[in-house]
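# Descriptive analysis of the structure
Each chain is listed here by its residues.
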Amino acid sequence: MKLKNQIELLNDTLKSHDEKVNEHFPTDESQVPAYAKGQYMDLLSMLQEVAKAFEFTAKFHKNSVKALDILITNLNKHYETVNEIMDKTNYKTWTKVQDEHYTGVFYYNLHKTVEETIKEMKEVQK
(Lines give C-alpha, C1' and ligand atoms only; values in the text may rest on other atoms or scores of the structure.)
Protein backbone atom coordinates (compact mmCIF):
# COMPACT_ATOMS: atom_id res chain seq x y z
CA MET A 1 0.00 0.00 0.00
CA LYS A 2 1.47 3.32 -1.02
CA LEU A 3 1.68 6.06 1.58
CA LYS A 4 -0.69 8.07 -0.61
CA ASN A 5 -3.35 5.40 -0.09
CA GLN A 6 -2.85 5.43 3.65
CA ILE A 7 -3.16 9.19 3.75
CA GLU A 8 -6.37 8.92 1.74
CA LEU A 9 -7.72 6.25 4.10
CA LEU A 10 -7.03 8.39 7.16
CA ASN A 11 -8.34 11.53 5.46
CA ASP A 12 -11.50 9.75 4.27
CA THR A 13 -12.04 8.33 7.75
CA LEU A 14 -11.90 11.81 9.28
CA LYS A 15 -14.12 13.25 6.55
CA SER A 16 -16.68 10.46 6.99
CA HIS A 17 -16.69 11.01 10.74
CA ASP A 18 -17.15 14.78 10.33
CA GLU A 19 -20.03 14.29 7.89
CA LYS A 20 -21.74 11.91 10.32
CA VAL A 21 -21.27 14.39 13.17
CA ASN A 22 -22.73 17.24 11.14
CA GLU A 23 -25.64 15.17 9.87
CA HIS A 24 -26.73 13.97 13.30
CA PHE A 25 -25.72 16.91 15.48
CA PRO A 26 -28.42 17.37 18.14
CA THR A 27 -30.66 20.41 17.97
CA ASP A 28 -31.32 20.19 21.71
CA GLU A 29 -28.30 21.76 23.43
CA SER A 30 -28.73 19.55 26.48
CA GLN A 31 -27.85 16.54 24.32
CA VAL A 32 -24.61 17.99 22.95
CA PRO A 33 -22.28 16.83 25.80
CA ALA A 34 -23.43 13.22 25.57
CA TYR A 35 -23.25 13.40 21.79
CA ALA A 36 -19.69 14.76 21.95
CA LYS A 37 -18.63 11.88 24.21
CA GLY A 38 -20.17 9.37 21.83
CA GLN A 39 -18.49 10.96 18.82
CA TYR A 40 -15.13 11.07 20.60
CA MET A 41 -15.39 7.35 21.26
CA ASP A 42 -16.57 6.75 17.68
CA LEU A 43 -13.57 8.58 16.23
CA LEU A 44 -11.21 6.63 18.49
CA SER A 45 -12.82 3.41 17.31
CA MET A 46 -12.45 4.42 13.67
CA LEU A 47 -8.79 5.25 14.25
CA GLN A 48 -8.22 1.85 15.82
CA GLU A 49 -9.58 0.24 12.66
CA VAL A 50 -7.29 2.40 10.52
CA ALA A 51 -4.34 1.40 12.69
CA LYS A 52 -5.29 -2.27 12.24
CA ALA A 53 -5.34 -1.80 8.48
CA PHE A 54 -1.94 -0.12 8.57
CA GLU A 55 -0.61 -2.90 10.81
CA PHE A 56 -1.89 -5.61 8.48
CA THR A 57 -0.34 -4.05 5.40
CA ALA A 58 2.90 -3.28 7.29
CA LYS A 59 3.81 -6.93 6.85
CA PHE A 60 4.10 -6.29 3.12
CA HIS A 61 4.99 -2.63 2.63
CA LYS A 62 7.52 -0.31 4.28
CA ASN A 63 5.21 2.67 3.82
CA SER A 64 2.64 1.02 6.03
CA VAL A 65 5.24 0.74 8.77
CA LYS A 66 5.94 4.48 8.47
CA ALA A 67 2.24 5.34 8.47
CA LEU A 68 1.56 3.10 11.45
CA ASP A 69 4.47 4.60 13.37
CA ILE A 70 3.29 8.16 12.72
CA LEU A 71 -0.32 7.34 13.65
CA ILE A 72 0.55 5.45 16.84
CA THR A 73 3.09 8.06 17.95
CA ASN A 74 0.58 10.87 17.51
CA LEU A 75 -2.26 8.95 19.18
CA ASN A 76 0.03 8.18 22.11
CA LYS A 77 0.75 11.92 22.44
CA HIS A 78 -3.00 12.54 22.50
CA TYR A 79 -3.47 9.92 25.23
CA GLU A 80 -0.62 11.46 27.23
CA THR A 81 -2.30 14.87 27.00
CA VAL A 82 -5.63 13.41 28.11
CA ASN A 83 -4.03 11.56 31.02
CA GLU A 84 -2.06 14.63 32.09
CA ILE A 85 -5.18 16.80 32.13
CA MET A 86 -7.17 14.17 33.99
CA ASP A 87 -4.46 13.77 36.60
CA LYS A 88 -3.90 17.51 37.08
CA THR A 89 -7.60 18.28 37.39
CA ASN A 90 -8.52 15.25 39.51
CA TYR A 91 -11.10 13.94 37.05
CA LYS A 92 -12.84 11.90 39.76
CA THR A 93 -14.20 15.12 41.24
CA TRP A 94 -15.23 16.84 38.01
CA THR A 95 -18.52 18.66 38.05
CA LYS A 96 -20.93 18.22 35.16
CA VAL A 97 -19.68 21.49 33.68
CA GLN A 98 -16.03 20.41 33.94
CA ASP A 99 -16.84 17.03 32.42
CA GLU A 100 -18.57 18.70 29.47
CA HIS A 101 -15.68 21.13 29.05
CA TYR A 102 -12.95 18.49 29.08
CA THR A 103 -14.93 16.22 26.76
CA GLY A 104 -14.85 19.06 24.25
CA VAL A 105 -11.14 19.64 24.86
CA PHE A 106 -10.32 15.96 24.33
CA TYR A 107 -12.47 15.67 21.23
CA TYR A 108 -10.95 18.80 19.71
CA ASN A 109 -7.44 17.56 20.55
CA LEU A 110 -8.11 14.17 18.94
CA HIS A 111 -9.47 15.80 15.79
CA LYS A 112 -6.41 18.08 15.58
CA THR A 113 -4.15 15.08 16.20
CA VAL A 114 -5.61 13.31 13.17
CA GLU A 115 -5.24 16.43 11.02
CA GLU A 116 -1.60 16.78 12.13
CA THR A 117 -1.01 13.09 11.46
CA ILE A 118 -2.25 13.50 7.88
CA LYS A 119 -0.03 16.53 7.44
CA GLU A 120 2.99 14.67 8.84
CA MET A 121 2.35 11.71 6.54
CA LYS A 122 2.21 14.07 3.56
CA GLU A 123 5.61 15.48 4.58
CA VAL A 124 7.08 11.99 4.73
CA GLN A 125 5.55 11.21 1.36
CA LYS A 126 7.52 14.01 -0.35
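First, a word on scope: everything that follows refers to the structure included in this document.

All right, on to the nonpolar core then. If you look at the biggest cluster of nonpolar residues, it comprises 28 residues, and the most contacted ones within it are Leu 10, Leu 71 and Met 121. Every element with two or more residues in this core is listed here: helix H1 (3-24), helix H2 (32-58), helix H3 (62-89) and helix H4 (96-125). For this core, the element with the highest residue contribution is H2, accounting for eight residues. Beyond its immediate chain neighbours, meaning those up to four positions away, Met 121 contacts Leu 3, Ile 7, Leu 10, Phe 54, Ala 67, Ile 70 and Leu 71.

In contact at an axis separation of 9 Å, H2 and H4 are set at 30 degrees when each is read in the N-to-C sense. Between H2 and H4, the interaxial angle falls into the category roughly parallel. Taken as a pair, H2 and H4 cross one another with a handedness that is left-handed. Across from Pro 33, Ala 36, Lys 37, Gln 39, Tyr 40, Leu 43, Leu 44, Leu 47 and Phe 54 in H2, the residues of H4 making contact are Asp 99, Glu 100, Thr 103, Phe 106, Tyr 107, Leu 110, His 111, Val 114 and Met 121.

Between its first and last C-alpha, H1 extends 32 Å over 22 residues, near the 32 Å set by a 1.5 Å rise per residue. Here H1 has its buried residues at Leu 3, Gln 6, Ile 7, Leu 10, Thr 13, Leu 14, His 17 and Val 21. Across the axial projection of H1, the buried residues extend over an arc of 125 degrees, all falling on one side. Residues of H1 that are exposed and angled more than 90 degrees away from the buried face: Lys 15, Asn 22 and Glu 23. Against H2, H3 and H4 lie the buried residues of H1.

With that settled, the discussion passes to the pattern of salt bridges. Summed over all chains, the structure comprises five salt bridges. Taking the shortest distance from any N to any O, the salt bridge between Glu 84 and Lys 88 comes out at 3.4 Å. One end of the pair is Glu 84 and the other is Lys 88, both in helix H3 and four residues apart, which spans about a single turn. Of the residues examined, Glu 84 reaches a relative accessible area of 45% and is grouped as partly exposed. The exposure class of Lys 88 is exposed, given its relative accessible area of 66%. Taking the shortest distance from any N to any O, the salt bridge between Glu 115 and Lys 112 comes out at 3.1 Å.

Turning our eyes to something else, we now look at the packing of aromatic side chains. Per the stated rule, a full pass over the model turns up six aromatic pairs. Arranged with centres 6.4 Å apart and planes meeting at 75 degrees, the rings of Tyr 91 and Trp 94 form a pair that is edge-to-face. For Tyr 91, a relative accessible area of 38% translates into the label partly exposed. By the ring-pair criterion, three or more aromatic residues cluster together here, those being Tyr 91, Trp 94, Tyr 102 and Phe 106.

What counts as what
Throughout this document, residue positions are counted from 1 along each chain, in the order its sequence is written. Totals for whole chains, interfaces and linings use all residues, but because this is a predicted model, local features are given only for residues with pLDDT of at least 70 and pairs of side-chain atoms are given and counted only at 80 or more. To obtain the side-chain values, all non-hydrogen atoms of the structure were used and water was disregarded. The nonpolar core is taken to be a set of buried Ala, Val, Leu, Ile, Met, Phe, Trp, Tyr and Cys residues, with the residues joined through side-chain atoms within 4.5 Å. To sort residues, take the accessible area from a 1.4 Å probe on protein chains only and compare it with the maximum for the residue type: under 20% means buried, over 50% means exposed, and anything in between is partly exposed. Helical segments are the DSSP runs of H or I of at least four residues, strand segments are the runs of E of at least two, and each set is numbered from the N terminus. Contact between two residues is taken to exist if any of their heavy atoms lie within 4.5 Å; hydrogens are not considered. Here an axis means a line fitted to C-alpha atoms, over the contact stretch when the element is a helix, while the angle between two N-to-C directions is reported on a 0 to 180 degree scale. For classification, angles of less than 35 degrees are called roughly parallel, those exceeding 145 degrees roughly antiparallel, those between 65 and 115 degrees roughly perpendicular, and all remaining angles oblique. By convention, the crossing between two helices is left-handed when the near helix turns anticlockwise from the far helix through less than a right angle, and right-handed when the turn is clockwise. The span expected for a helix works out to 1.5 Å for each residue beyond the first. The directions from the helix axis to the C-beta atoms form the arc being described. Salt bridge, as used here: a side-chain nitrogen of Lys or Arg that lies within 4 Å of a carboxyl oxygen of Asp or Glu. Think of it this way: a Phe, Tyr or Trp ring, Trp meaning its six-membered ring, pairs with another when their centres are within 6.5 Å, and the plane angle makes it stacked under 30 degrees, edge-to-face over 60, tilted otherwise.

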